[in-house]
Amino acid sequence: SDSLRHEVNIISNGASYCIGSIIDLVFDGTVNFVYQGGQLNFNGPTSCLMFLNGSELRVGDGQSLHYGSDGEGILGLGLGSWLVLGKGSRMEVNNRVVLWNHELSPGNQAYVALGPGQELGFGPRSSLERIGFTEEGIMLNVYMNGGHLDDTHLSPAEQALIKRIYPPQGEPSPLQPVISPNPTGQVLSWSVHLPFPQEVRWEVCNLLGQLLLAGEEQGLPGRHTVATPLGLPAGSYVLTIASGGAIESLPFICQP
């Protein structure tokens, strides 16, 4: 169907992947790679995982992904691609990172958001370069939302391809979360602003911090609205929303 879109996730849950010397595995659009443990073994300089058109390489909560630990292989990042790190997760890249600059447009960018407890590092055998149009264009845009980026092993020219983006002091959250109406009934209507297609996680807790409800949404750019059935007693609760490294908590009142 031209109007129905599906998300396909390849989930590594402890498996070992052996990627041959001439393999170029492309993740495009809503096809993502989710790392939950295991090994990625690249067996040649042209072994590549490429992410394009909003696709994501996701590292699960508490996981540590060593990508190209021996310097072999390629991490390809193109239009609208994302590196998405979970809570307390870490990714170290120790091979060739290619920014695919196939067109000169403002939207041709790659992204990663680093929240508290999240780390992205470039190892001693890593490199970062543009291919295609090399003089200008695609950057690795890193939202510095409390996490850590280590690019000390890259050359000054390679470091110049990384754009650190810090949240403006005193400015509202980039998520711009809204609950409406508040107080609410047994369906909680809330929304966030998303600059790109990205995962939105949410939790509902009571005032003691006990988790009552949780879920995930695959949000589209713009104002993303969610209607969450509650089934909770009347009282005060807290909605916590996390997306793209930003986290916001909003109190609300549930009425019968």
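Since the model is a prediction, treat every value here as computed from it, not as a measurement.

S.K.: Looking at this model, I keep getting lost on the layout of surface pockets. Mind explaining?
M.R.: Over the atoms rolls a probe the size of a water molecule, and its path tells where empty space is left. Size it by volume and the second largest pocket reaches roughly 330 Å³. Lining the second largest pocket are 21 residues, and of these Leu85, Gln118, Ala242, Gly244 and Gly245 sit closest to its centre. Secondary-structure elements contributing two or more residues to the lining of the second largest pocket are strand 10 (81-85), strand 21 (198-206), strand 24 (235-243) and strand 25 (246-254). In terms of residue count, strand 10 provides more of the lining of the second largest pocket than any other element does, four residues in total. Grouping the amino acids of the lining of the second largest pocket by side-chain chemistry returns nine nonpolar, eight polar and four charged.

S.K.: Before we go on, may I ask you to explain unusual backbone geometry in this structure?
M.R.: With glycine set apart, most residues show a phi of negative sign, and most peptide bonds adopt trans. Here the residue pair Ser180 and Pro181 is connected by a cis peptide bond, since its omega of 0° sits within 30 degrees of zero. In this chain, Asn182 is followed by Pro183 through a cis amide linkage whose omega measures 10°. Examined against the element boundaries, Pro183 turns out to sit in the loop between strand 19 (178-179) and strand 20 (187-194). We note that Gln176 has phi near 45°; this positive angle belongs to a residue other than glycine. Here Gln176 lies in the loop between strand 18 (162-165) and strand 19.

So, how was this worked out
- Residues numbered from 1 in each chain as written.
- Predicted model: local features only at pLDDT ≥ 70, side-chain atom pairs only at ≥ 80, totals over all residues.
- Heavy atoms only, no water.
- 1 Å grid on protein atoms, 1.4 Å probe; cavity = no way out; pocket = protein on both sides within 12 Å on 5 of 7 lines; lining within 4 Å.
- Points joined across faces, edges and corners; volume = space filled by probe spheres on them.
- Helix = DSSP H or I, 4+ residues; strand = E, 2+ residues; numbered from the N terminus.
- Nonpolar A, V, L, I, M, F, W, Y, C, P; charged D, E, K, R; others polar.

Just geometry here; none of it tells us what the structure is for.
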